[in-house]
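# Fold and geometry: a report
The chain contents come next:
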Amino acid sequence: MIRTEKTVRFPVTRDALWELLSDTERLNRELKLPPVAFSFTPRPEGGSALRGKARFGPLTIRYAEEPYHWVRPSRWWVQRFPDNGPVSVYRVGVNLETDGDGTNLTAWSEAEPRGVAEKLLAKRITESSVGGLLRACEGFVGYLAGKAPTPYPHHSSTYQTPPNDDLAARLRAFLLTAPPEDVVDFRPFGLADRWQTDRIEVLKACLRAVRGGDLELHWRLLCPACRGTGPSVETLDALTPDKAHCASCNIAFGPTFDQDVEVCFAVAPSLRKAEDGVATFCIGGPHRMRHVVMQWQVPPETKETIPMDLPLGTYRLRSPQLSEVRELVLTDSVPLVLENPKPYPVLFRLETLAWREDAATAAQVTALSEFRKHFGSEVLAPGQELVVRQVTILFTDLKGSTQMYATHGDAPSYATVRAHFEQLTQILEKHDGAIVKTIGDSVMAAFHDPQKAVHAALAIQNACDPLIVKLGLHTGPALAVTANGQLDYFGQTVNLASRIQGQSHGGDIVLSNDLLAYVPDAIPRQSFTAQLKGTDTPLTLWRLVPVIK
């Protein structure tokens, strides 16, 4: 086995260097490696075997690739077994150790030549791999020090960035000049984080760009195990159950609206034809599964001890080859002992419990007025139901509306109600909520963020004087379905929200106990119990009074 190894100290933190080195898709582009065509073959014991095909000059190399091994943020390495070419085994990896305010990075590579004649070429391969990694890190250091506009100069376009407050111009410049991979099925939240801009505002800017013809809106499924993405579709009704399958994990799953379905955007062909320029360079690195802090494949009937350097807390240990899922509470930085009693390799993953933070889920985007107003034709397939694990439902009702119609007549009263609805719409939009439907002079609205729902309720009561509004809120799981040609919510959470609103006297806000934590301390509140239809026991509710300023 030919091995090349070199250690260099870089004057940046380990976490910052890891963030860039672990994005192996972008790293491989920067190293000018060739694009790869990947394929999966299901394994009978669970998971899938991965194969790749890449062209190096006149030679097409076909190889089997083991899953990446990594422990965040201290090391990663990968092993490949080429079917042809000068080497039969190839490994490459990095180790990162904190050294004061800097990082000692060890880049290493190993290759097994197929014969004596290939030894020199194998040595050149390992030296080239190590040298490329170190050169990339030098560029990363320059970027982190503010001396370079991008960490990936060989695969990035530079452009004159418009002012931060002109999101539309900034987005258009990005679509016209960024590498093809960055503008096809990109995540709006990931873009917002790179720009250090509010995520919801970037999401809204993307929705407006769809209306303007610069972007296309797509939907895609996220695997609940590896949280990788499947192929995208253009409409929600194309997300049929047969598409909920992850080739990498070799599992089928029932998608949930707030975790397994995300919105993404692609530059419109009328603005730029980027689809043909898209290539894949890596699909297995740590950056693709940011929730996985440790991934390690243990050989058959083997025990391995993995040194850990992770924040203390609760993690989940799982494997595509094992049915058991175990929660681990780390109270000390002790090594993790992994034992594989099976006659085949077992892949272990240690995960954080949080969901993907950079994915804009279907539940988030469909709760925005910007979406409801302009993309109302986006519906689920007939009969399809998707679970939303948490949505906050707000109901309003005008008190005394019957008397208003009798006293003032139909036309003036209807005009008053319409103006009231317009006012509600503006308040809901400001708080990133949306009207789901109106029922007479009542409104049902939905929010992804419960805190914004509570603040919207307070704003409604402060703005609607002299009209008297009865208002109630509840949060919990629901079903997203298509009803009357539009996305709607059904289930116990919706029913309880409606009945909680029925407890309002008018001019107040009634909410369930789960929402109390989002009420500002300065707002007076009173607790009471109520036996609501459809519940077995009385519920503790809270009345916020007075709320009108």
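In this text, all values refer to a predicted model and were calculated from it rather than measured experimentally.

### A closer look at the overall build of the protein chain
Scanning the protein chain from N- to C-terminus turns up 13 helices and 27 strands. Judged by the C-alpha coordinates and their principal axes, the protein chain covers about 100 × 50 × 50 Å. The buried share of the protein chain, taken over its 549 residues, is 52%. The long-range fraction of contacts in the protein chain, counting pairs at least 24 apart against all pairs at least 6 apart in sequence, stands at 69%. Taken as a whole, the protein chain presents about 25100 Å² of accessible surface, with 52% of it coming from carbon and sulfur. For the protein chain, the separation between the mean place of its 58 positive charges and that of its 62 negative charges on side chains is 3 Å.

### A look at helix H6 (residues 188-195)
Three or four residues apart is the spacing at which side chains of an α-helix point the same way, because the helix has 3.6 residues per turn. Every buried residue of H6 is accounted for by Pro188, Phe189, Leu191, Ala192 and Trp195. Projection of H6 onto a plane perpendicular to its axis shows the buried side chains occupying an angular sector of 160°, all on one side. Of the residues trailing H6, Gln196 is marked for its positive phi of about 55°.

### Observations regarding the sheet that holds strand E9 (residues 215-222)
The strand order across the open sheet built from three strands is E10-E9-E13, with neighbouring strands paired in antiparallel fashion. If you trace the sheet from one side to the other, it starts and ends with strand E10 (229-233) and strand E13 (261-267), each paired once. With direction set aside, neighbouring strand axes in the sheet form an average angle of 35°. Strand direction decides the pairing type here: E9 and E10, joined by three bridges, are antiparallel. Residue pairing across strands places Leu222 opposite Thr229, the latter belonging to E10.

### Remarks on the nonpolar core
One finds Leu21, Trp219, Phe265 and Tyr489 to be the most contacted residues of the largest nonpolar core, which totals 94 residues. Among the nonpolar cores identified, the runner-up in size contains 29 residues, and Leu424, Ile427, Val454 and Leu544 belong to it.

### Details of the pattern of salt bridges
Summed over all chains, the structure comprises 32 salt bridges. Of the charged contacts in the structure, one is a salt bridge between Asp182 and Arg194, with a shortest N-O distance of 4.0 Å. Taken together, the positions of Asp182 in helix H5 (residues 180-183) and Arg194 in helix H6 put the pair 12 residues apart, joining distant regions of the chain. A salt bridge links Asp432 to Lys452; the shortest N-O distance between them is 2.5 Å. Placement of the pair is Asp432 in the loop between helix H11 (410-430) and strand E21 (433-439) and Lys452 in helix H12 (residues 450-463), with a sequence separation of 20 residues. Taking relative accessible area as the criterion, Asp432 reaches 12% and is therefore assigned buried.

### Here's the deal with the packing of H11 against H12
Between two packed helices, both the angle of their axes relative to each other and the distance between the axes serve to describe the pair. The interhelical angle for the contact between H11 and H12, taken along N-to-C directions, is 145°, at an axis separation of 9 Å. When you trace H11 past H12, the crossing you get is right-handed. Residues Gln423, Leu424 and Ile427 of H11 touch H12, and the partners they reach there are Ala456, Ala459, Ile460 and Ala463.

### Observations regarding helix H1 (residues 14-21)
Of all the residues in H1, the buried ones are Arg14, Leu17, Trp18, Leu20 and Leu21. Down the axis of H1, the buried side of the element spans an arc of 165°, and every buried residue falls inside it.

### As for unusual backbone geometry
Here Arg72 and Pro73 are connected by a cis peptide whose omega angle stands at -5°. The residue Asn250 is not glycine, and still its phi comes out positive at about 60°. Following the sequence through the fold, Asn250 ends up in the loop between strand E11 (245-246) and strand E12 (251-252). For Asn250, a relative accessible area of 27% gives the class partly exposed. Located in the positive-phi region is Glu301, a residue other than glycine, with phi close to 50°. On the secondary structure map, Glu301 appears in the loop between strand E14 (292-298) and strand E15 (302-306).

### Overview of the side chain of Thr396
Within the secondary structure, Thr396 sits in strand E20 (residues 386-398). Thr396 gets classed as buried once you look at its relative accessible area, which sits at 1%. Residues contacting Thr396, with those up to four places away along its chain left out, are Leu424, Ser442, Val443, Val469, Lys470, Leu471 and Gln501.

### Some words on the environment of Thr305
The topology assignment puts Thr305 in strand E15. The spatial distance from the C-alpha of Thr305 to the C-alpha of Glu339 is 8.7 Å, given a sequence separation of 34 residues. Here Thr305 is in contact with Pro335, Leu336 and Val337, once residues within four sequence places are set aside.

### A closer look at the side chain of Glu370
You can see Glu370 is positioned in helix H9 (residues 369-374). A distance of 3.4 Å separates a polar atom in the side chain of Glu370 from a polar atom in the side chain of Arg211. Aside from chain neighbours lying at most four places away, what touches Glu370 is Lys204, Leu207, Arg208, Arg211 and Phe375.

### Regarding the packing of aromatic side chains
For any pair of aromatic rings, geometry is given as the distance between the ring centres together with the angle between the planes. Under the criterion given, the structure shown has nine aromatic pairs. Look at Phe174 and Trp195: their rings are 5.9 Å apart centre to centre, the planes differ by 90°, and that puts the pair in the edge-to-face class. With Phe174 in helix H4 (residues 167-177) and Trp195 in helix H6, this residue pair connects regions lying 21 residues apart in the sequence. Of the two residues, Phe174 and Trp195, both sit in the buried class. Judged by centre distance (6.3 Å) and plane angle (40°), the rings of Phe186 and Phe265 are tilted. Taken as a pair, Phe186 in the loop between H5 and H6 and Phe265 in strand E13 lie far apart in primary sequence, 79 residues in all. Like Phe186, the residue Phe265 is buried in the burial classification. Three or more aromatic residues link up through ring pairs in this structure, and these residues are Phe174, Phe186, Trp195 and Phe265.

What counts, and at which threshold
Residues numbered from 1 in each chain as written. Predicted model: local features only at pLDDT ≥ 70, side-chain atom pairs only at ≥ 80, totals over all residues. Heavy atoms only, no water. Helix = DSSP H or I, 4+ residues; strand = E, 2+ residues; numbered from the N terminus. Buried < 20%, exposed > 50% of the residue type's maximum accessible area, 1.4 Å probe, protein only. Contact = heavy atoms within 4.5 Å. Areas by Shrake-Rupley, 256 points an atom, 1.4 Å probe, with all protein chains shown as cover. Lys, Arg positive; Asp, Glu negative; His and termini not counted. Charge placed at Lys NZ, Arg CZ, Asp CG, Glu CD. Arc of directions from axis to C-beta. Pairing = 2+ DSSP bridges. Axes fitted to C-alpha atoms, helices over the stretch in contact; angles between N-to-C directions. Core = buried A, V, L, I, M, F, W, Y, C linked by side-chain atoms within 4.5 Å. Salt bridge = Lys/Arg side-chain N within 4 Å of Asp/Glu carboxyl O. Left-handed = near helix turned anticlockwise from the far one by under 90°. Polar contact = N/O pair within 3.5 Å; in protein donor to acceptor, adjacent residues only side chain to side chain. Phe/Tyr/Trp six-rings, centres within 6.5 Å; stacked < 30°, edge-to-face > 60°.

No statement about biological role is implied by the geometric values presented.
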